[in-house]
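Close look at the chain arrangement
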Amino acid sequence: MGAIEEVYEDLDTDVEFEEFEAAVEDKVEQMGGLADEETAAMLIAHELRDEEADTIADIEPGMNEVKFLGKVTAIGEVRTFERDDEEADEGRVCNVDVADASGSVRVALWDDMAAAAEGELEVGQVLRVMGRPKEGYSGLEVSADKVEPDEDAEVDVQVLDTYRVEDLTLGASDVDLVGQVLDTDSIRTFDRDDGSEGRVANLTVGDETGRVRVTLWDDKADLADEFEPGEVVEVGDGYVRERDGDLELHVGDRGTVERVDEDVEYVPETTDIADLEIGETVDIGGGVIETDPVRTFDRDDGSEGQVRNVRIRDETGEIRVALWGDKADREIDLADRVVFTDVEIQDGWQDDLEASANWRSTVSVLDGESDAAAGAASGASGSRTEGSGDAADPDASETGLGAFAEDGQKAAAEAVAGETTGDDGGGATGGAAAATTEPSTEDVEFTGTVVQTGDPVVLDDGQQTRTVETDASLRLGEEVTVRGPERDGTIDADDVF
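Small disclaimer: the values here were computed from a predicted structure and weren't measured.

What about the overall build of the protein chain?
- Counting its regular elements, the protein chain contains seven helices and 26 strands.
- Pairs at least 24 residues apart make up 58% of the contacts formed inside the protein chain by residues separated by at least 6 positions.
- Total accessible area on the protein chain stands at roughly 25600 Å², and carbon and sulfur atoms take up 40% of it.

Here it is in structure tokens:
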């Protein structure tokens with residue numbers, strides 16, 4: 001056995017011996033006699049080992065020619081293009097998506113391979129692919145040099161016509177997904193490297209298996225203004241990318257987002273407020289017991305930002321939620337039932353925990369707003385007290401997160417209605433409920449720290465945030481007591497001391 005055969009025998013490769021031997025001879029010639037056949041064979045073997053990709057997830061842009069196994073999940077149309085050489089024949093290309101258990105990648109087939117793909121390839125076939133990875137328009141793709149069907153190989157990948165959120169994998173393309181719109185963001189612009197302006201916007205959609213952020217690029221960004229939370233849409237021809245450790249579904253030139261007449265249920269798994277800890281990123285839900293006006297501030301770069309605080313309560317406790325940017329403009333009223341996703345738990349005023357809803361978060365106001373307000377008013381009137389066992393509705397103790405389902409209005413109303421603790425109605429929820437009934441003209445007294453100056457002044461005592469109308473000159477961080485009649489949730493302070 002010669003040196004070439006010995007090296008080949010130790011090599012675990014699909015390359016035929018004749019092809020390996022030819023490559024060795026070429027290597028010897030390229031090196032001008034500086035390497036003998038054994039050395040050249042070892043160099044070729046090393047290159048082949050570098051080319052092997054155990055899984056699709058191992059493929060990275062910039063790698064030398066790689067080989068891998070994958071199942072065909074989608075076959076694109078054959079497209080033609082003009083080459084730089086005007087005398088050359090017209091070029092053809094066909095994009096084929098292949099996947100294994102680790103992920104998915106787009107494979108570009110050129111010219112004769114593209115023509116063959118149109119008539120010979122089928123979704124579900126297993127292919128052996130050899131090609132060069134690169135960063136394409138829609139992410140990683142492999143420009144194929146050689147593609148062969150492998151009838152004996154098995155790849156454990158389910159080919160889907162329509163995806164659910166839990167089915168999404170990094171690199172998947174031609175994704176069709178139906179989901180309920182949970183939140184929308186405004187259109188943002190950015191400068192590309194070539195000096196042109198790009199546009200991007202986001203939707204968040206959910207189904208019974210989870211939720212995903214949908215990123216809309218350029219002309220597709222306008223779609224974000226066409227949908228409202230609660231509507232059901234179908235995302236077509238999307239592709240999956242990763243951002244900050246989370247999968248996102250992207251929509252480019254070929255993608256679509258359309259309103260559809262389907263029922264999709266999304267029920268978030270929220271964390272009880274009493275169980276929250278600083279540093280967590282969680283989903284929370286509850287009834288709104290206090291709302292503050294939107295406040296603006298100047299950022300370090302000179303731009304203007306905005307924030308709005310609301311306080312929510314569930315069966316275990318209450319917490320202030322800071323809504324930043326566009327989320328501050330969301331219509332949230334007293335006694336609404338809301339769910340906030342991906343909020344960061346931080347240390348707030350007076351060692352009180354605070355939830356921060358930033359660009360990643362979603363804000364969902366559940367259906368049944370008027371019922372919820374009525375329930376809050378009913379709770380404030382003392383129709384139900386904690387531990388009394390005399391609740392008007394035996395189901396009123398449920399969390400109400402099923403309000404995303406068909407019985408959502410009832411659940412939301414009952415959850416807010418059951419918020420009042422004690423017989424005196426003096427808790428924070430009682431204050432929220434009172435705001436939904438006839439304005440009170442009785443004097444109230446409130447002591448808190450000034451967290452906003454101007455008109456109006458906002459005070460916080462670590463449990464509640466109250467809006468105050470006063471001509472007094474107050475400083476941020478100052479602790480004061482105000483006394484005066486309360487109308488529509490605002491204290492008209494006659495005395496400040």
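As for the pairing of strand β6 (residues 139-149)
- Bridge analysis of strand β4 (residues 103-110) against β6 gives three bridges, and the strand direction is parallel. When the bridges of β6 are listed, A108 appears paired with S143.
- Taken together, the 10 bridges between strand β5 (residues 126-136) and β6 define a ladder with antiparallel strand orientation. Following the sheet pairing, G131 is matched in β6 by A144.

Examining the packing of aromatic side chains
- Summed over the entire model, instances satisfying the criterion amount to five aromatic pairs.
- For the ring pair Y8 and F20, a centre distance of 5.4 Å and an interplane angle of 50° mean the geometry is tilted. Of this pair, Y8 sits in helix α1 (residues 3-9) while F20 is found in helix α2 (residues 17-30), placing the two residues 12 residues apart along the sequence.
- Ring geometry for F190 and W217: centres 6.0 Å apart, planes at 85°, overall edge-to-face. With a gap of 27 residues between them, F190 in strand β8 (residues 188-191) and W217 in strand β10 (residues 210-217) connect regions that are remote in the sequence.
- Of the residues examined, F190 reaches a relative accessible area of 28% and is grouped as partly exposed.

Details of a negative patch on the surface
- Where like charges cluster on the molecular surface, the negative patch consists of E6, E9, D10, E25, D26, E29, D36, E37 and E38.
- Contributing elements (two or more residues each) for the negative patch: α1, α2 and α3 (37-51).
- Of the residues forming the negative patch, the biggest block, three residues, is contributed by α2.
- Within the fold, E29 resides in helix α2.

Remarks on a nonpolar patch on the surface
- Taken together, I75, V123 and V159 make up a surface patch of nonpolar side chains, about 200 Å² in accessible area.
- Locating V123 in the fold gives a position in the loop between α4 (112-120) and β5.

Notes on α2
- End to end, α2 covers 20 Å across 14 residues, agreeing with the expected 20 Å (1.5 Å per residue, within 8%).
- For α2, the full list of buried residues reads F17, F20, V24 and K27. The buried residues of α2 occupy an angular sector of 80° when the element is viewed end-on, so they sit on one face. Along α2, exposed side chains directed more than 90 degrees from the buried face belong to E18, E29 and Q30.
- Positive backbone phi, at 60°, marks G32, one or two positions downstream of α2.

Overview of unusual backbone geometry
- Positive phi values are uncommon outside glycine, yet A335 reaches one of about 75°.
- With respect to the helices and strands, the residue A335 is situated in the loop between β17 (318-324) and β18 (337-347).
- Positive phi values are uncommon outside glycine, yet D342 reaches one of about 55°.
- Take D342: it is sitting in strand β18.

What about the pattern of salt bridges?
- Under the definition given, this model contains 28 salt bridges.
- Among the salt bridges present, the one from K134 reaches E141, with a minimum N-O distance of 3.7 Å.
- A relative accessible area of 13% places E141 in the buried class.
- Residue K327 is joined to D185 by a salt bridge in which the shortest nitrogen-to-oxygen separation is 3.4 Å.

Definitions and cut-offs
- Residues numbered from 1 in each chain as written.
- Predicted model: local features only at pLDDT ≥ 70, side-chain atom pairs only at ≥ 80, totals over all residues.
- Heavy atoms only, no water.
- Helix = DSSP H or I, 4+ residues; strand = E, 2+ residues; numbered from the N terminus.
- Contact = heavy atoms within 4.5 Å.
- Areas by Shrake-Rupley, 256 points an atom, 1.4 Å probe, with all protein chains shown as cover.
- Pairing = 2+ DSSP bridges.
- Phe/Tyr/Trp six-rings, centres within 6.5 Å; stacked < 30°, edge-to-face > 60°.
- Buried < 20%, exposed > 50% of the residue type's maximum accessible area, 1.4 Å probe, protein only.
- Patch = residues over 30% accessible without salt bridge, like charges linked within 9 Å, V, L, I, M, F, W, Y side chains within 5 Å.
- Salt bridge = Lys/Arg side-chain N within 4 Å of Asp/Glu carboxyl O.
- Lys, Arg positive; Asp, Glu negative; His and termini not counted.
- Charge placed at Lys NZ, Arg CZ, Asp CG, Glu CD.
- Expected span 1.5 Å × (residues − 1).
- Arc of directions from axis to C-beta.

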